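# Geometric and topological summary
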Amino acid sequence: MDIQRDVMTYDVVVVGAGPAGLACAIRLKQLAPAKTVCVLEKGSQVGAHIMSGCALEPAALDALLPDWRKTPPEICVPASEDQFLLFTKTGSWRLPTPPQMKNHGNFIISLGSLCTWLAKQAEALGVDVFPGFAAAHPLVEGGKVIGVRCGDMGVNKDGTPGPNFAAGVDIHAGTTVLAEGCRGNVSKKLIMEFRLGADSSPQTYGLGMKELWRVPPGRVKPGLIQHSVGWPLDGKTYGGSFVYHLDQDRVYVGFVVGLDYEDTDLTPFEVFQQFKNHPSIKQLLEGGEILSAGARSIVEGGLQSLPKLDMPGAMLVGDAGGTLNVPKIKGVHMALRSGMLAAEHLAEHGTSAGFDAAWRSSPSARELHKVRNIRPGFRFGLWLGLINAALETVTLGLLPWTLKNHADWSNLKQRREGKAIRDYLERTLPPRDRLASVYFAATSHDEHQPAHLKVLDTNICVGRCAEEFGNPCTRFCPAQVYEMVDDGAGKKRLQINAANCVHCKACDIKDPYEIITWTTPEGGSGPNYQNL
Amino acid sequence: MKILVGIKRVVDFNVRIQVKKDGSGVELAGVKLSINPFDEIALEEALRIREKGTQAEVIAVSIGPADVQQQLRTALAMGADRAVLVETADALQPLMAARVLLEMAKRENADLVILGKQAIDDDCNQTGQMLAALWDRPQATFASAVELKDKTLRVTREVDAGLEVIEVDLPAVVTTDLRLNTPRFVKMPDIMKAKSKPLATVKLAELNVAAAPALEAVSYAAPAARKGGHKVADVQALIKELHDRGVLA
């Protein structure tokens, strides 16, 4: 198909209006106002696709926009108290809060609202922010990234142009800043093409799920930050919960499950729902209502999984590279800092070359180096993981070894005789199931478009995968996109409910045969998160 | 000719509506706001009339607070020639909106006013009809096809029994139904061009329109949550339960 495409030219194109991308755009305009900068965002508006805990460490934001506290974003509650708990099915114990998890001076925010707020600051500085436009493909010419191609709009299910077809624009730029967040689809292609991961461990991930609740009056203590480990996960599976108390009787509740889990029968969504029904959490939520909900993969690989952050014509910032600090359970300050550093590098040198070295000699790299062995230590189970974490913390990360990471999909164990017995409760709190949960994500995809989740060979799903793993995609997807249904001839077939997708990317990461690829749907499709 | 298109900003159709805690209205903080989908169809139709070769100027008009400029910029990016925002902090009821639109139609000397048949927030379906009456001009509501011939407009209307085709003399008011067209996607270069298209602002107070609301909203409430059903053991239990609930005598 020969398509005429418009070309737009900028000095810098930023892919993704998250904290890293917007910080980069803002910093660049502060330092070099003459540079033309645009930011592409696949969500229907800035903030629609982003989700985080989120307890913000404000120093990076102070450095970027010193006056931000005068007109703070929509949700911004000062942290008041930290609690770190070990859960069993019926009770909980207070553990000493690890020093890196203390939140004094931090703020509980909605990352979505923060990004909406940052986008306004960027636009005021002259940045062109384009929500509803998805970067679908990198443009590479002569071994150099020269920009990105936006996805076509109005394509029929069979791939032909529909009546309101609009060809995606090519954006050419001196430098392309990839700020897509965890497992970005353009970043993924470029990391492979330029072999940026050749000298690092494979990236590892977690799957985060989160709900915003309004509960009956008198229950929330604004600023209270609770984290837990333990039940409903067994000792072998990494993960934990967060409960952040906001104002106006609102509370964030969420759970992160390490995607390196081994048990193919685990359903991360069920783990989260079980947690909510624990007596101590249920008494907080019962009688309340869910305002919004979502799910998103997060980067957990740390320093040893960080790919090279620059390539000719482009650089990776924030979680597109993977700068999140897992033991601190914070990524936003790192994302802001890496975006700012990228802008400073570009303003000074005018090229992406050397950004990797600049980042690795920055305080952010030192922060990740100190904690590099904590997350991998949990491979040995919760208790050894906690002991290792304590040891690494008191020795400030000076121990001479660095533990390696393994690809999450390779950790999944094949089904053996009988299933694991789970110590679960009977649930009573909403949502009843994953479909009811997707409703709170307000996700929407025009159903006329081709499915944006590509499965290379569905014979594997019906054959090998059904036998060896029992189709884990039907369980790890928090939006129930994948279902094995009767094909009408006595067999099963894979049904992909692409319209339910909340763009978390778990399938792209965890599928044990690496045959699922997440591609961008039409710009503006996907979840419409509010205040997550 | 001049085509006036009404653009109302509403809570986006994908958003789950939440009633404010005190029942005074619908939560708008942190909520995505967009052009009413029926108004997008109205604008698309105006653009198609112009693209079919009719010399036409398409003017997008909205009523609302200053930041409705954002939706008017989108209308300009879709292809409107210019836009006017009638600025007011208050939400207007259909009769007041019709009065404002009448004033704008007169000021602009409009030949055709195309409006959405209703806005998806209040679902009133009144403004177009009220405007036609105030203006004393013909109305063609629920349009699913529009054809311009000189100074008359042939409009196919979606009515209960099927389709009705009528002809109206211009100037006239048309309100759009869903099947009229599929609005185009906004293109990125057009968003840039729209930044330099004229967008005028008029204060509502300057328009000399009687602006007292005719209706008073008493309270808002979400529909009661559906209670889950349960299974009964057998027919006897079912009949007993129906008796207990007073369904069977």
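None of the values given here were measured: they were computed from a predicted structure.

Here is what the cut-offs are and how they apply
In every chain, residue numbers begin from 1 and rise along the written sequence. Going through the entries in the order they are written, you letter the chains from A and number the ligands from 1. The predicted origin of the model limits local features to residues at a pLDDT of at least 70 and limits the giving and counting of side-chain atom pairs to 80 or more, whereas totals for whole chains, interfaces and linings rest on all residues. Numbered from the N terminus, helices here are DSSP runs of H or I no shorter than four residues, and strands are runs of E no shorter than two. Counts of 20 or more other C-beta atoms within 10 Å of a residue's own C-beta define buried residues, counts of 12 or fewer define exposed ones, and intermediate counts define partly exposed ones; C-beta atoms are placed from the backbone. It is the C-beta atoms, placed from the backbone, that decide contacts: two residues are in contact if theirs lie within 7 Å. The globule rule used here is 2.2 Å times the number of residues to the 0.38 power, and the radius of gyration it is set against is calculated over C-alpha atoms. Each residue gets one of three labels, nonpolar for Ala, Val, Leu, Ile, Met, Phe, Trp, Tyr, Cys and Pro, charged for Asp, Glu, Lys and Arg, and polar for the others, Gly among them. Nonpolar cores are identified as sets of buried Ala, Val, Leu, Ile, Met, Phe, Trp, Tyr and Cys residues joined via C-beta atoms within 7 Å. Note on pairing: two strands pair once DSSP finds at least 2 bridges between them. Here an angle of 0 to 180 degrees is reported between the N-to-C directions of two axes, which are lines fitted to C-alpha atoms, with helices fitted over the stretch in contact. Helix span is expected to be 1.5 Å times the residue number reduced by one. Relative orientations are named as follows: roughly parallel for angles under 35 degrees, roughly antiparallel for angles over 145 degrees, roughly perpendicular for angles from 65 to 115 degrees, and oblique for any other angle. It is the rotation of the near helix from the far one that decides the hand of a crossing: anticlockwise by less than a right angle makes it left-handed, clockwise makes it right-handed. pLDDT measures how confident the predictor is about each residue, on a scale from 0 to 100.

## Notes on the overall build of chain B
- Assigned secondary structure in chain B consists of six helices and eleven strands.
- The 249 residues of chain B split such that 37% are buried.
- Taking the intrachain contacts of chain B between residues at least 6 apart in sequence as the baseline, contacts between residues at least 24 apart amount to 68%.

## Remarks on the overall build of chain A
- Within chain A, the secondary structure is distributed over 16 helices and 24 strands.
- For 532 residues, the compact-globule estimate of 2.2 N^0.38 gives 24 Å, and the C-alpha radius of gyration of chain A, at 22 Å, lies within 12% of that figure.
- Taking the principal axes of the C-alpha coordinates as reference, chain A spans close to 60 × 60 × 50 Å.
- Here chain A holds 532 residues, and the buried ones make up 54% of them.

## Focus on the environment of H172 of chain A
Residues and elements named next belong to chain A.
- When you line up the elements, H172 lands in strand β13 (residues 170-178).
- What makes H172 partly exposed here is the crowd of 16 C-beta atoms within 10 Å.
- Put simply, H172 and V145 are 27 residues apart on the chain and 9.1 Å apart in space, counted from C-alpha to C-alpha.
- Not counting residues within four places of it along the chain, the set of residues in contact with H172 comprises V7, T9, I146 and G147.

## Quick look at helix α4 (residues 127-135) of chain B
Residues and elements named next belong to chain B.
- By the burial criterion, the buried members of α4 are T127, G128, M130, L131 and A132.
- On its buried side, α4 packs onto α3 (94-108), β6 (112-116), β7 (139-149) and β10 (172-176).
- Following α4 by one or two positions, D136 has its phi on the positive side, about 60°.

## With respect to the interface of chain B and chain A
- Counting residues at the interface gives 15 residues for chain B and 22 residues for chain A.
- Taken together, the residues of the side of chain B that touches chain A sort by class into seven nonpolar, four polar and four charged.

## Quick word on the nonpolar core
- In terms of nonpolar packing, the biggest core is built from 151 residues, with C24, V39 and L178 of chain A touching the most fellow members.
- Among the elements that line this core, the one with the most residues is helix α7 (residues 332-349) of chain A, at nine residues.
- Leaving out residues up to four positions away in the same chain, L178 of chain A has contacts with V15, G184, V186, S187, L190, A314, M315, L316, V317 and A320 of chain A.
- Listed in part, the 57 residues of the second largest apolar core include M78, A80, V86 and V146 of chain B.

## Thoughts on the sheet that holds strand β4 (residues 57-64) of chain B
Residues and elements named next belong to chain B.
- Taken together, the nine strands give an open sheet; going across it, the order is β9-β8-β7-β10-β6-β1-β4-β5-β11, and neighbouring strands pair in mixed fashion. The open sheet is flanked by β9 (162-169) and β11 (199-203), the only strands paired with a single partner. Strand-to-strand twist across the sheet, computed as the mean angle between neighbouring axes with direction ignored, equals 30°.
- Examined bridge by bridge, strand β5 (residues 82-87) and β11 share five bridges and lie parallel to one another. Within β11, the residue paired with L85 across the bridge is T201.

## Here we look at helix α3 (residues 111-124) of chain A
Residue and element names in this part refer to chain A.
- Here α3 contains 14 residues, and its C-alpha end-to-end distance of 20 Å stays within 8% of the 20 Å for a straight helix at 1.5 Å per residue.
- The element α3 is extensively covered by neighbouring structure, given that eleven of its 14 residues are classed as buried.
- Taken residue by residue, α3 has L111, G112, S113, L114, C115, T116, W117, L118, A119, Q121 and A122 as its buried positions.
- Check the buried side of α3 and you find it contacts α1 (19-31), β2 (37-41), β7 (107-109), β8 (128-131) and α7.
- Following α3 by one or two positions, G126 adopts a phi angle in the positive range, close to 100°.

## Some details on the sheet that holds strand β14 (residues 205-214) of chain A
All names here are of chain A.
- Here seven strands make up an open sheet; going across it, the order is β6-β5-β15-β16-β17-β14-β18 and the pairing mixed. Of all the strands in the sheet, the pair left with one neighbour each is β6 (92-95) and β18 (289-299). Each neighbouring strand pair of the sheet contributes to a mean axis angle of 20°, computed without reference to strand direction.
- Of the pairings in the sheet, the one linking β14 to strand β17 (residues 250-258) comprises nine bridges and is antiparallel in character. Within β17, the residue paired with L207 across the bridge is V257.
- Contacting β14, β16 (239-245) and β17, helix α5 (residues 268-276) crosses the sheet at an angle of about 140° to β17.

## A word on the packing of α3 of chain B against α4 of chain B
Residues and elements named next belong to chain B.
- Direction vectors running N to C along α3 and α4 enclose 50°, while the axes themselves pass 8 Å from each other. Considered as vectors, α3 and α4 are oriented oblique to each other. In terms of crossing hand, the pair formed by α3 and α4 is right-handed. Residues P94, L95, A97, A98, R99, L101, L102 and A105 of α3 lie in contact with α4, whose contacting residues are T127, M130, L131, L134 and W135.
- Counted by class, the contact of α3 with α4 contains eleven nonpolar, one polar and one charged residues.

## A look at the pairing of β7 of chain B
Residues and elements named next belong to chain B.
- Here β7 pairs with β10 via three bridges, running parallel. Bridge pairing in β10 links A140 to V174.
- Bridge count between β7 and strand β8 (residues 152-159): six bridges; the pairing is antiparallel. Within β8, the position partnered with A145 by the bridge is T156.
- Between β7 and β8, which pair antiparallel in sequence order, lie two residues; one of them, D150, sits at a positive phi of approximately 50°.

## Quick word on the environment of V13 of chain A
Residue and element names in this part refer to chain A.
- With respect to the helices, strands and loops of the structure, V13 is situated in strand β1 (residues 7-15).
- With 31 C-beta atoms counted inside 10 Å, the residue V13 sits in the buried group.
- Counting along the chain gives 135 residues from V13 to V148, while the straight-line C-alpha distance between them is 8.2 Å.
- If we ignore the near neighbours within four places in the chain, the residues touching V13 are C38, L40, G147, V148, I171, A173 and T176.

## A few points about unusual backbone geometry
- Residues P430 of chain A and P431 of chain A are joined by a peptide bond in cis, for which omega reads -5°.
- Relative to the assigned elements, P431 of chain A resides in the loop between α12 (408-411) and α13 (434-439).
- Of note in the backbone geometry, N125 of chain B takes a positive phi value of approximately 60° without being a glycine.
- With respect to the helices and strands, N125 of chain B occurs in the loop between β6 and α4.
- For N125 of chain B, a count of 16 C-beta atoms within 10 Å gives the class partly exposed.

## Points about the confidence of the model for chain B
- Residues with a pLDDT of 70 or more make up 100% of chain B, whose mean pLDDT is 94.
- Scoring of the predicted complex yields 0.93 for pTM and 0.88 for ipTM.

## As for the packing of α1 of chain A against α7 of chain A
Residue and element names in this part refer to chain A.
- Following both chains from N to C, one finds α1 and α7 inclined at 35°, their axes separated by 7 Å at the closest point. Seen along the crossing, α1 lies across α7 with a hand that is right-handed. For the pair formed by α1 and α7, the contact residues are P19, A20, G21, A23, C24, R27, L28 and L31 on the first element and V332, A335, L336, S338, G339, M340, A342, A343, E344, L346 and A347 on the second.
- Of the residues contributing to the contact of α1 with α7, the split by class is 14 nonpolar, three polar and two charged.

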